[in-house]
Amino acid sequence: MSKLLKFLKHHLIPVLLVLALLVAEAFCDLALPSYTSEIVNTGIQQSGIEEPVPKVLSQESYFLLSGLLPSDQAGIMEHYVRSEDKSELPRSLQSISDDVQAFYLLKDLSEEELSSLESVLSYPMLLCMAMSGDMQADGENADYTQNLFDGDLPIPEGADPQQFFASLDQAGKDAFLAEIYQKFDELPETILAQIGILFVQNEYESLGIDLGKISNRYILISGAKMLGLALASMACTIAVCYLASVIASSVGRELRGNVYRRVLSFSNEDIEKFSTASLITRTTNDVTNVTMAIVMLLRIVFYAPIIGAGGIVKVFGTNSGMTWILAVAVGVISLVMGTVFAVAMPKFKGMQKLVDKLNLVSREILTGLSVIRAFGTHKHEEERFDQANTALMKNGLFINRTMSLMMPLLMLLMNGITLLIVWNGGHSIDAGLLQVGDMMAFIQYTMQVIMAFLMITMVSIMLPRANVSAERIDEILSCEPSIAEPQKALPMAADQKGVVEFRDVSFHYPDGDEDVLEHISFTARPGETTAIIGSTGSGKSTLINLIPRLYDATGGKVLVGGVEVSRQSLQSLRESIGFVPQKGLLFSGTIESNIKFSDESLSDEAMKKAASIAQATEFIESNSLGYSRSIAQGGTNVSGGQKQRLSIARALASDPDILIFDDSFSALDYRTDAALRRAIKENTDNKTVIIVAQRISTIANAEQIIVLDDGRIAGMGTHQQLLESCDVYRQIALSQLSEEELQK
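I will try to describe carefully the structure that is included in this document. (Residues numbered from 1 in each chain as written. Predicted model: local features only at pLDDT ≥ 70, side-chain atom pairs only at ≥ 80, totals over all residues. Heavy atoms only, no water.)

Here's the deal with the overall build of the chain
Within the chain, the secondary structure is distributed over 29 helices and 15 strands. Here the C-alpha radius of gyration of the chain, 46 Å, is well above what a compact globule of 744 residues would show, namely 27 Å. Across its three principal axes, the chain shows a C-alpha extent of roughly 150 × 50 × 50 Å. Here the chain holds 744 residues, and the buried ones make up 47% of them. Taking the intrachain contacts of the chain between residues at least 6 apart in sequence as the baseline, contacts between residues at least 24 apart amount to 78%. Accessible area for the chain stands at about 36800 Å²; split by element, carbon and sulfur atoms hold 54% of it. Where the 59 positive side-chain charges of the chain centre and where its 88 negative ones centre are 16 Å apart. (Helix = DSSP H or I, 4+ residues; strand = E, 2+ residues; numbered from the N terminus. Rg over C-alpha atoms; globule rule 2.2 N^0.38 Å. Buried < 20%, exposed > 50% of the residue type's maximum accessible area, 1.4 Å probe, protein only. Contact = heavy atoms within 4.5 Å. Areas by Shrake-Rupley, 256 points an atom, 1.4 Å probe, with all protein chains shown as cover. Lys, Arg positive; Asp, Glu negative; His and termini not counted. Charge placed at Lys NZ, Arg CZ, Asp CG, Glu CD.)

Some words on the sheet that holds strand S6 (residues 529-534)
The mixed open sheet is built from six strands, whose spatial order is S9-S12-S13-S6-S14-S15. Taken across any chain shown, the strands that pair with only one partner, and hence form the sheet edges, are strand S9 (577-580) and strand S15 (712-717). The sheet shows a mean angle of 15° between the axes of neighbouring strands, taken without regard to direction. By the bridge criterion, five bridges tie S6 to strand S14 (residues 704-709) in an arrangement that is parallel. Bridge pairing in S14 links Ile532 to Ile706. The strands that helix H28 (residues 727-736) touches are S6, S14 and S15; relative to S14, the one it contacts most, it runs at about 95°. (Pairing = 2+ DSSP bridges. Axes fitted to C-alpha atoms, helices over the stretch in contact; angles between N-to-C directions.)

A word on a nonpolar patch on the surface
Together, Leu227, Leu231, Met234 and Ile238 line one region of the surface with nonpolar side chains, adding up to about 410 Å² of accessible area. Looking at where Leu231 falls in the secondary structure, it is placed in helix H9 (residues 211-264). (Patch = residues over 30% accessible without salt bridge, like charges linked within 9 Å, V, L, I, M, F, W, Y side chains within 5 Å. Salt bridge = Lys/Arg side-chain N within 4 Å of Asp/Glu carboxyl O.)

Describing the packing of helix H2 (residues 12-45) against helix H12 (residues 303-317)
At a closest axis distance of 10 Å, the pairing of H2 and H12 adopts a crossing angle of 35°. When the axes of H2 and H12 are compared, the crossing they make is right-handed. Between H2 and H12, the residues in contact are Leu22, Val23, Glu25, Ala26, Asp29 and Leu30 and Tyr303, Ile306, Ile307, Gly310, Gly311 and Lys314, respectively. Residues belonging to the contact of H2 with H12 are distributed by class as follows: seven nonpolar, two polar and three charged. (Left-handed = near helix turned anticlockwise from the far one by under 90°. Nonpolar A, V, L, I, M, F, W, Y, C, P; charged D, E, K, R; others polar.)

Digging into the environment of Ile577
Considering the arrangement of structural elements, one finds Ile577 in strand S9. Of the residues examined, Ile577 reaches a relative accessible area of 7% and is grouped as buried. For the pair Ile577 and Ala675, spaced 98 residues apart in sequence, the C-alpha separation works out to 23 Å. When residues no more than four places from it in sequence are discounted, the contact partners of Ile577 are Ile547, Pro548, Pro656, Ile658 and Ile660.

Overview of the side chain of Gln644
The topology assignment puts Gln644 in helix H24 (residues 640-653). Relative accessible area serves as the criterion here: at 7%, Gln644 is assigned to the buried category. Look past the residues within four positions of Gln644 in its chain and what remains in contact with it is Gln582, Asp663, Ser664, Phe665, Ser666, Ala667 and Leu668.

So, in structure tokens, the structure goes:
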């Protein structure tokens, strides 16, 4: 996960905006269950009455409540004012009966004053309900009050409670109220609130107020608020999805660009360490995994803890006494997820290696298809591919089967938790400790917490694999190239332009124990052709690869232009060299784009001159498209000789100071070879030419021939000098030409 977050550090502001939108979305989603609870509790069960304090009282109820207040609290009724003007009533209460001439209207109070009034009037309203027998209307709460007047208070047998109370003097009333209110202290606050609501309902009904209108009005307003929250949540969701897609696409583009630029800076040694197939997989498949995971990360993984934590806070705020159920659910979910991940994680780590293997086999088969057909090894290659493909399939099946167990297990747990909440909450509702709407809200909040875990489960298959992909990408980005730019680059000496010098150079490959080049010393000068010849594996290609720093010498010094190559800028060094590799490689495009590869602004005259020197004009102009003829990837639609000539033309077109040909004439016939060498000689008087060749005829006219044998210089001189002084050269020459031909 840390690697994924590392890739997001350049997109901090959009990520913070996504987090803000997720918080807003979670706020909207978490507010909806409370509105559902309020609609059920207040809108339906309480007929839209929100506070257990009547906003309007009949004169009879006003005086009755006033009389049931202790003498030290009688002043609380001053919050009500007598009125006969119905227009002063709230709109929802203006349906009061015409028979009511005068009433007492509650003043506008602060929240603190209203809370104080509610706490003072709760006992008088309960006593009023009990004394009038209206408690039976609320059978759910009758168990708490039915024994309050069963002989426990000093009321004469058969006496009417209201008449008996009215007959008492003020001291007797205070003593009576103190005794009975002490018994009311045993009642839960939820019971007092519900009985207060019941008192208000009865009072409004007695005044002729339409409770149905109040209920409908409350439900419609609450429903409108819920709709607004749902629309706001939808807007946040759309914005988050859009931003997540933009961020993920930007990260993908940056990663591909960074990986590409880093790979371009790699030496051959670095590329071999990763392998070409693995580099392709990391640039494509791994980056795709990361971008998809970032979308999931921003949309789901970040949202899950927000909604989960918010749900837990809301659960604790319901005062339902069922929070232990949520604790059990979270514990079981964590155990299930931990177990499944412990089993599946090792397989996740091996997934991308299996993809690398499949890509490697596929690439080998596709590039070597002609050889496979020639040797008839179709069955063997099919078996190789099938083994790699089957291994990847089995790994994927194991992961998917293991992770698929999580969803049914969590769904079973979610349904079991719902059943447990309903069973436990039903008992609390029956006891009057919980309302139906509160239980519904608790269920929804609990489901939101569990859904947070389910959302993590949904992306749990992708995230571990994406984390592995992120580590593989970071492995490339954090790999420092073995051939790096010098801290302070030195320019070439003006009087040493084009001079290539080897001073006691030795080299061995990183994984090799022995040197493949030992104590190589020579100088190649402008206007001269230096040829290198030797048996297969003698180190010819390795030697010339040291000049443009495709590898660094492990001993001695390689100088170009009088300055060590390791102390020069790579760009300026390589711009001074025209390199034609042993295997000619063309890029998809046209002949023109390939010749102008080093400089797109190259003039057509310079391009045609380079093609002419490379002896490519004939086959180019024989096609009606000419230089606009398309070239397939890798140059597969041209012959080997044509490919070599176009590669040579590309090197000549850049007009470098040094030309290096690594066995670049091998696919040419002798006539074309001779014409090409003659044309190069005529047009490169001021350039240093280094030729690696196997043919004696190709290098016989070189001013300097270096003979390599097992990584050492076996001889150096002209053709005639070497024939006389170097046995290795003479053996190579006699293997190609007769004695008479050599003398000529």
